[in-house]
Amino acid sequence: PTLLVQDGSAISSRTFSRALGGKVTIQTNHLTQIEGSFSLDPTDISIISTATHGMGQAGELKLSTKHLSVLDGALLLSGTFGSGNSGNITVNADTI
């Protein structure tokens, strides 16, 4: 299988409280590609992420694929926008 996240689309998990954020786990046998932004609003980027906006820790992000491609301003991240910690990111790929 192939996963394409493009044109400002997102796969994400967020917490806004003290609770631990949810995990994002992605496994593909061929390609995972994150690319670009929404054509009508270039600030709306394509993203795979976990994040916290509060005191809880952001969830863990695990990605396993043969080929990983992140293009044209797209992001793969775990971030903090509050007092909680970001989550761990684990990437297993033959090529990045």
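These numbers come from a predicted model, not from an experiment.

Engineer: Would you take a moment to explain the overall build of the protein chain for this structure?
Structural biologist: Across its full length, the protein chain carries zero helices and ten strands. For 96 residues, the compact-globule estimate of 2.2 N^0.38 gives 12 Å, and the C-alpha radius of gyration of the protein chain, at 13 Å, lies within 12% of that figure. C-alpha atoms of the protein chain, sized along the principal axes, occupy 35 × 30 × 15 Å. The buried share of the protein chain, reckoned over its 96 residues, is 35%. Working note: accessible area of the protein chain is about 5500 Å², and carbon and sulfur atoms make up 50% of it.

Engineer: Could you clarify how one ought to interpret the nonpolar core in this entry?
Structural biologist: It is characteristic of soluble globular proteins that their nonpolar side chains tend to be buried jointly. In terms of nonpolar packing, the biggest core is built from nine residues, these being Val5, Val24, Ile26, Ile34, Ile48, Leu61, Leu63, Leu68 and Ala74. Listed by contribution, the elements that provide at least two residues to this core are strand E3 (24-27) and strand E8 (61-71). It is E8 that provides the largest number of residues to this core, a total of three residues. The contacts of Ile48, once residues within four sequence positions are left out, are Val5, Ile11, Val24, Ile26, Thr32, Ile34, Leu61, Leu63, Leu75, Leu76 and Leu77.

Engineer: Help me out: how do you make sense of the sheet that holds strand E9 (residues 75-80) in this one?
Structural biologist: Backbone hydrogen bonds are what pair the strands of a sheet, in a parallel or an antiparallel way. Within the open sheet, the three strands sit side by side as E2-E7-E9. Their pairing is parallel. Two strands close off the open sheet at either side, each with one partner strand: strand E2 (10-15) and E9. On average, each strand axis in the sheet is tilted by 5° relative to the strand beside it, whichever way the strands run. In the sheet, E2 pairs with strand E7 (residues 47-52) via six bridges, with the strands oriented parallel.

Criteria and thresholds
Numbers given to residues run from 1 along each chain, matching the order in which its sequence is written. Given that this is a predicted model, residues contribute local features only at a pLDDT of at least 70 and side-chain atom pairs are listed and counted only at 80 or more, while totals for whole chains, interfaces and linings are drawn from all residues. Hydrogens and waters are ignored; side-chain quantities use all the structure's heavy atoms. Secondary structure is summarised from DSSP: a helix means a run of H or I of at least four residues, a strand means a run of E of at least two, and numbering begins at the N terminus for each. A radius of gyration in this sense is built from C-alpha atoms; the matching globule rule multiplies 2.2 Å by the number of residues raised to 0.38. Each residue gets one of three labels from its accessible area relative to the maximum for its type: buried under 20%, exposed over 50%, partly exposed in between, using a 1.4 Å probe on protein chains only. In this description, accessible areas are obtained by the Shrake-Rupley approach with a 1.4 Å probe, and a residue is regarded as covered only by the protein chains that are shown. In plain words, nonpolar cores are sets of buried Ala, Val, Leu, Ile, Met, Phe, Trp, Tyr and Cys residues tied together by side-chain atoms within 4.5 Å. Here, residues are in contact when the closest pair of their heavy atoms is within 4.5 Å. Strand pairing is assigned whenever DSSP identifies at least 2 bridges connecting the two strands. Convention adopted: a line fitted to C-alpha atoms gives each axis, helices being fitted over their contacting stretch, and angles between N-to-C directions are expressed from 0 to 180 degrees.

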